[in-house]
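# Structural description and commentary
Here's the letter readout for the chains.
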Amino acid sequence: MDNVIWNYKEFNDLTLQELYKIIQLRNQVFVVEQNCVYQDCDNKDFVSGHLWATVEDDIVAYSRIVPKGISYKEEPSIGRVISNNKYRGQGFGKQLLLNSIQVIENNFQSTGIRISAQLYLKSFYESFGFQQVSEEYLEDDIPHIEMLKK
């Protein structure tokens, strides 16, 4: 799509409208679609970067870039990775992950990235060089694994 705009901002640089749309999409995907009641506002947003793509007025994909020392001691992390269901199957998820990795490499001078991945997405993350480094565990009643990209 030619009309895709990628944005990356620290929390304090987000407009109220951008923040609202980000939280709205996170709730749409994680709470409603995945039927998962959890505390989305976990105070990590304040110290994280926010990466998203828009098409016209819709956020089509989003991730939260978390510096090291917040989610994981040694590595930065990519979290809250989502694609808007209206735009799935168009490659936004792959581009989101590539861009998220690039943001970390450029802003944190780090190639190591640790994530908590939903188990069903293991092969997706493996295609970007992530490797499973934990046993399966439940997070909000959803099977997850910890993965690391060196």
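Scroll up for the structure.
Note on numbering: residues in each chain are counted from 1, in written sequence order. Per-residue local features are limited, in this predicted model, to residues with pLDDT of at least 70; the limit for side-chain atom pairs, both in listing and counting, is 80 or more; totals at the level of whole chains, interfaces and linings are taken over all residues. Side-chain figures throughout are based on the complete set of non-hydrogen atoms in the structure, without hydrogens or water.

## Considerations on unusual backbone geometry
- In this structure, Arg80 takes a positive phi of about 50 degrees despite not being glycine.
- Comment: elements are numbered from the N terminus, with helices defined as DSSP H or I runs of at least four residues and strands as E runs of at least two. Relative to the helices and strands, Arg80 resides in strand S4 (residues 77-83).
- A 1.4 Å probe rolled over the protein chains alone gives each residue an accessible area, and that area as a share of the maximum for its type sets the label: buried under 20%, exposed over 50%, partly exposed in between. Take Arg80: its relative accessible area is 18%, and that puts it in the buried class.

## Some remarks on the environment of Glu105
- Relative to the elements of secondary structure, Glu105 occurs in helix H2 (residues 92-108).
- Classification of Glu105 as partly exposed rests on a relative accessible area of 34%.
- Taking the C-alpha atoms as reference, Glu105 lies 17 Å from Lys94; in sequence the two are eleven residues apart.
- Dropping the residues within four chain positions of it, Glu105 is found in contact with Ser110 and Thr111. Any pair of residues with heavy atoms lying within 4.5 Å of one another is described as a contacting pair.

## Points about the side chain of Ser63
- Mapped onto the secondary structure, Ser63 falls in strand S3 (residues 58-66).
- Assessed through its relative accessible area of 0%, Ser63 is described here as buried.
- Polar side-chain contacts of Ser63 include one of 2.7 Å to the side chain of Ser100. In the analysis that follows, any N or O atom pair within 3.5 Å is treated as a polar contact, provided that within protein one partner can donate a hydrogen and the other can accept it, and provided that, for residues neighboring in sequence, both atoms belong to side chains.

## Let's talk about the packing of aromatic side chains
- Stacked, edge-to-face and tilted labels apply to pairs of Phe, Tyr and Trp rings (six-membered ring for Trp) whose centres lie within 6.5 Å, assigned for plane angles under 30 degrees, over 60, and everything in between, in that order. Enumeration over the complete set of coordinates arrives at six aromatic pairs.
- Consider the rings of Tyr125 and Phe130, whose centres lie 5.9 Å apart with planes at 80 degrees: the pair is edge-to-face.
- By relative accessible area, Tyr125 is classed as buried at 6%.
- According to the relative accessible area criterion, Phe130 is buried, its value standing at 2%.
- Counting every residue linked through ring pairs, the aromatic cluster contains Phe124, Tyr125, Phe128 and Phe130.

## Some remarks on helix H1 (residues 16-33)
- Each residue after the first adds 1.5 Å to the expected span of a helix. The first and last C-alpha atoms of H1 sit 24 Å apart over 18 residues, in line with the 26 Å expected at 1.5 Å per residue.
- Of all the bends found along H1, the most pronounced is centred on Asn27 and spans about 30 degrees.
- Along H1, the residues that are buried comprise Glu18, Ile22, Leu25, Arg26, Val29 and Phe30.
- After H1 finishes, the residue Asn35 shows a positive phi value of roughly 50 degrees. The seven residues ending at a residue and the seven starting there each receive a fitted axis; the angle between those axes is the bend at that residue.

## Digging into the pairing of strand S5 (residues 113-118)
- Burial analysis of S5 places five of its six residues in the buried class, the great majority of the element.
- Any two strands with at least two DSSP-identified bridges between them are counted as paired. Alignment of S5 against strand S8 (residues 142-149), held across six bridges, turns out to be antiparallel. Pairing of Ile115 across the sheet is with Met147, part of S8.

## Some words on the state of the cysteines
- Here, the term disulfide refers to a pair of cysteine sulfur atoms separated by no more than 2.5 Å. One pass over the full model with this rule turns up zero disulfides.
- Cys36 takes part in no disulfide bond, and the closest cysteine sulfur, belonging to Cys41, lies 14 Å away.
- What makes Cys36 buried here is its relative accessible area of 6%.

## Structural notes on the nonpolar core
- In this structure, Ile78, Ile115 and Phe130 are the most contacted members of the largest nonpolar core, which totals 22 residues.
- Secondary-structure elements contributing two or more residues to this core are strand S2 (49-55), S3, H2, S5 and S8.
- Among the elements that make up this core, the one with the highest residue count is H2 (six residues).
- When near neighbours in sequence (up to four residues on either side) are disregarded, Phe130 contacts Ile78, Leu97, Ile101, Ile113, Ile115, Tyr125, Met147, Leu148 and Lys149.
- Of all hydrophobic cores here, the second largest spans 13 residues; its members include Phe11, Leu14, Val29 and Trp52. Buried Ala, Val, Leu, Ile, Met, Phe, Trp, Tyr and Cys residues form a nonpolar core when they are joined through side-chain atoms within 4.5 Å.

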